[in-house]
Amino acid sequence: MKIITWNCNGALRKKLVEADSLNADVLIIQECEDPSLSTKAYKDWAGDYLWVGTNKNKGIGVFPKAGNTVQQLNWSGTFQISGLKTQSPSTSWTTKDLLLFLPFKLNNHYNVLACWTKGSDSKTFGYMGQFWKYLQIHRDELNQDNTIIAGDFNSNAIWDKQDRWWSHTDTINELAAINIVSLYHYQTGEEQGQETQSTLYHQRNEAKPYHIDYVFMSSNLLAYSTLEVGKINKWLPVSDHMPISATISS
């Protein structure tokens, strides 16, 4: 089973040859347009796809290939921070408040959460904070064998802030507590924030490398899985993000 996550940097309809070259069983692609509102060729290529987005041009799509199947999971819920005196509505949130997450069942065997975290540093719960909120609601659903979380998180430990318990490192630790680990870090032995391979070259500038795309897996899958980051010379002309390939051999 080969799962690819890739932020295509828009206009996926013009990058189908490159997407096909990845030979994936399922593609998780961020920043792609809604196939139902795009070209016939793109819609035909998409097959029995899943897609969510904030507008027709930018969303996250899941595209099964090679006879594989995907079924969207209807995860919804609410979380309330307890123990506080304040009555502020900001202490509770629902699944639908958070962007962008797409949970699905792959081949009726794997529970997969496709991610493209939204927001910015100007928002208190931007990027990894959005995922932290999602994790608080859906910890039980994610705390299962055969779980995969993949996508563009726009986050790295180098941007941790001391007064935020939802920082990158704290969120990684919360995942570890339910036996979910970054496959890249498991495979390389590198520490969070000290990655030697980059997944993003900001503005396609080789002098601005960052590691912000991840595949996390439940511990029962790690020993049977390998991860590969796309090569800059092939992918930088196509997108500012490199595709991340996770192959499960079991």
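Residues numbered from 1 in each chain as written. Predicted model: local features only at pLDDT ≥ 70, side-chain atom pairs only at ≥ 80, totals over all residues. Heavy atoms only, no water.

### Focus: the overall build of the protein
- On a plain count of helices and strands, the protein comes out with 7 helices and 16 strands.
- At 17 Å, the protein has a C-alpha radius of gyration in line with the 18 Å of a compact globule built from 250 residues.
- Burial analysis of the protein (250 residues in total) assigns 52% to the buried set.
- Considering only contacts in the protein between residues 6 or more positions apart, those separated by 24 or more positions represent 64%.
- Counting only carbon and sulfur atoms, one obtains 46% of the accessible surface of the protein, whose full area is about 11700 Å².
- Counting 22 positive and 25 negative side-chain charges, the protein places the averaged centre of each group 8 Å from the other. (Helix = DSSP H or I, 4+ residues; strand = E, 2+ residues; numbered from the N terminus. Rg over C-alpha atoms; globule rule 2.2 N^0.38 Å. Buried < 20%, exposed > 50% of the residue type's maximum accessible area, 1.4 Å probe, protein only. Contact = heavy atoms within 4.5 Å. Areas by Shrake-Rupley, 256 points an atom, 1.4 Å probe, with all protein chains shown as cover. Lys, Arg positive; Asp, Glu negative; His and termini not counted. Charge placed at Lys NZ, Arg CZ, Asp CG, Glu CD.)

### Brief notes about the packing of aromatic side chains
- Applying the stated criterion across every chain, the model contains 20 aromatic pairs.
- When the centroid spacing of 5.2 Å and the interplanar angle of 65° are considered together, the rings of Trp6 and Trp235 count as edge-to-face. With Trp6 in strand 1 (residues 2-7) and Trp235 in helix 7 (residues 232-235), this residue pair connects regions lying 229 residues apart in the sequence. Neither Trp6 nor Trp235 differs from the other in exposure class; each is buried.
- Site record: aromatic cluster; members linked through ring pairs are Phe79, Trp93, Phe125, Trp132, Trp165 and Trp166.
- Looking at Lys118, its charged tip hangs above the ring of Trp116, at a distance of 3.6 Å from the centre. (Phe/Tyr/Trp six-rings, centres within 6.5 Å; stacked < 30°, edge-to-face > 60°. Lys NZ or Arg CZ within 6 Å of the ring centre and 35° of its normal.)

### Quick word on the pattern of salt bridges
- By the definition in use, this model includes 4 salt bridges.
- Salt-bridge contacts for Glu31 lead to Lys58; the nearest nitrogen and oxygen are separated by 3.8 Å. Residue Glu31 is located in strand 2 (residues 26-32), and its partner Lys58 is located in strand 4 (residues 58-64); the two are separated by 27 residues in the primary sequence.
- You can call Glu31 buried: its relative accessible area is 12%.
- Note that Glu174 and Arg139 form a salt bridge whose closest N and O atoms lie 2.9 Å from each other. You can see Glu174 sitting in helix 4 (residues 168-177) and its partner Arg139 sitting in helix 3 (residues 128-142), a full 35 residues away along the chain.
- With a relative accessible area of 19%, Glu174 lands in the buried category. (Salt bridge = Lys/Arg side-chain N within 4 Å of Asp/Glu carboxyl O.)

### Notes on the side chain of Thr117
- You can see Thr117 is positioned in the loop between strand 9 (110-116) and helix 3.
- Within the structure, the side chain of Thr117 is placed 2.6 Å from the backbone oxygen of Phe153, a separation counted as a polar contact.
- Once residues lying within four places of it in the same chain are set aside, the contact partners of Thr117 are Leu99, Leu100, Phe101, Tyr127, Met128, Phe131, Asp152, Phe153 and Asn154. (Polar contact = N/O pair within 3.5 Å; in protein donor to acceptor, adjacent residues only side chain to side chain.)

### Remarks on the sheet that holds strand 11 (residues 180-182)
- Here we have 6 strands laid out as an open sheet, ordered 5-8-9-10-14-11, and mixed in their pairing. Two strands lie at the open edges of the sheet, namely strand 5 (70-72) and strand 11, each paired on one side alone. Averaged over all adjacent pairs, the angle separating strand axes in this sheet is 25°, with direction ignored.
- For strand 5 and strand 8 (residues 101-106), the ladder comprises 3 bridges, and the chain directions are antiparallel. (Pairing = 2+ DSSP bridges. Axes fitted to C-alpha atoms, helices over the stretch in contact; angles between N-to-C directions.)

### Considering the environment of Gly47
- Its location among the elements puts Gly47 in the loop between helix 2 (40-46) and strand 3 (50-55).
- Among the residues examined, Gly47 registers a relative accessible area of 40% and is labelled partly exposed.
- Through-space distance from the C-alpha of Gly47 to that of Ser249 is 25 Å; in sequence the pair is 202 residues apart.

### Some thoughts on the sheet that holds strand 4
- Here we have 6 strands laid out as an open sheet, ordered 3-4-2-1-16-15, and mixed in their pairing. Because the sheet does not close on itself, it has two edges, and the strands there are strand 3 and strand 15 (225-229). Averaged over all adjacent pairs, the angle separating strand axes in this sheet is 10°, with direction ignored.
- Summarising the sheet, strand 3 and strand 4 pair through 5 bridges and their orientation is antiparallel. The partner of Val52 across the bridge, within strand 4, is Ile60.

Worth remembering: the numbers are spatial, not functional.
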